[in-house]
Amino acid sequence: MILTITTDGQIESFQVDSTFEPGKITYQDPTTASLVTVYYNLNEVLIRRTGEVSFQESYIPHQRTMGYYRQEGILFKSIVETHDLTVTPDLIEIGYRHQIEGVTTEKIVQFRLFK
């Protein structure tokens, strides 16, 4: 799988080994010692990461949702405003505004499932 993360125009791309089953993708985070599970259907994506840095966030088009990050025992609340969500057999793409601890970023996350 190819994972591409764009944060405020800065692009990072990673090729990661993943397991796939309908509605669920699991992979090792390429930047931390964490396992990431992506649950999805046509109109919602939930991302859960466990390990060194844990978080859970839900992405629903045109809605504001709350999530959390936990690092070194400290819990941070996050706010996600999803403006674009595409789910196809070979691509999941999420465009959203992310706010945590008063810092707001624009992000696009792509999961390219097949080459």
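Shown above is the structure to which this text applies.
Residues numbered from 1 in each chain as written. Predicted model: local features only at pLDDT ≥ 70, side-chain atom pairs only at ≥ 80, totals over all residues. Heavy atoms only, no water.

Draft legend 1. Fine view of the overall build of the chain. Per the secondary structure count, the chain includes zero helices and eleven strands. Here the C-alpha radius of gyration of the chain, 13 Å, is about what a compact globule of 115 residues would show, namely 13 Å. C-alpha atoms of the chain, sized along the principal axes, occupy 35 × 30 × 25 Å. Counting every position in the chain, which comprises 115 residues, the buried fraction comes to 41%. For the chain, the proportion of contacts with a sequence separation of at least 24, taken over those separated by at least 6, is 23%. (Helix = DSSP H or I, 4+ residues; strand = E, 2+ residues; numbered from the N terminus. Rg over C-alpha atoms; globule rule 2.2 N^0.38 Å. Buried < 20%, exposed > 50% of the residue type's maximum accessible area, 1.4 Å probe, protein only. Contact = heavy atoms within 4.5 Å.)

Draft legend 2. Examining the side chain of Gln110 more closely. Its location among the elements puts Gln110 in strand S11 (residues 103-112). Of note is the side chain of Gln110, whose polar atom sits 2.4 Å from the side chain of Glu93. Ignoring any residue separated from it by four or fewer positions in sequence, one finds Gln110 in contact with Ile2, Leu3, Thr4, Leu91, Ile92 and Glu93. (Polar contact = N/O pair within 3.5 Å; in protein donor to acceptor, adjacent residues only side chain to side chain.)

Draft legend 3. Looking closely at the layout of surface pockets. What the largest pocket holds in volume is close to 370 Å³. Looking at the lining of the largest pocket, the elements with two or more residues in it are strand S1 (2-7), strand S2 (10-15), strand S6 (44-51), strand S7 (53-59) and S11. Classifying every residue of the lining of the largest pocket gives 13 nonpolar, two polar and four charged. (1 Å grid on protein atoms, 1.4 Å probe; cavity = no way out; pocket = protein on both sides within 12 Å on 5 of 7 lines; lining within 4 Å. Points joined across faces, edges and corners; volume = space filled by probe spheres on them. Nonpolar A, V, L, I, M, F, W, Y, C, P; charged D, E, K, R; others polar.)

Draft legend 4. Representation of the pattern of salt bridges within the structure. For the coordinates displayed, the defined rule picks out three salt bridges. The salt bridge partner of Arg49 is Asp29, with a shortest N-O separation of 2.7 Å. Residue Arg49 is found in strand S6, and its partner Asp29 is found in the loop between strand S4 (24-28) and strand S5 (34-41); the two are separated by 20 residues along the sequence. By relative accessible area, Arg49 is classed as buried at 11%. Overall, the relative accessible area of 10% leaves Asp29 in the buried class. (Salt bridge = Lys/Arg side-chain N within 4 Å of Asp/Glu carboxyl O.)

Draft legend 5. Just the packing of aromatic side chains, in detail. In the structure shown here, the tally under the stated rule is three aromatic pairs. With a centroid separation of 6.2 Å and an interplanar angle of 55°, the aromatic rings of Tyr27 and Phe111 are classed as tilted. Here Tyr27, found in strand S4, pairs with Phe111, found in strand S11; they are 84 residues apart in sequence, far enough to count as distant. Taking relative accessible area as the criterion, Phe111 reaches 1% and is therefore assigned buried. A ring pair is formed by Phe55 and Tyr69, whose centres lie 4.8 Å apart and whose planes are at 20°; its orientation type is stacked. Here Phe55 is found in strand S7, whereas its partner Tyr69 is found in strand S8 (residues 63-71), with 14 residues between them in sequence. You can call Phe55 buried: its relative accessible area is 8%. For Tyr69, a relative accessible area of 18% gives the class buried. (Phe/Tyr/Trp six-rings, centres within 6.5 Å; stacked < 30°, edge-to-face > 60°.)

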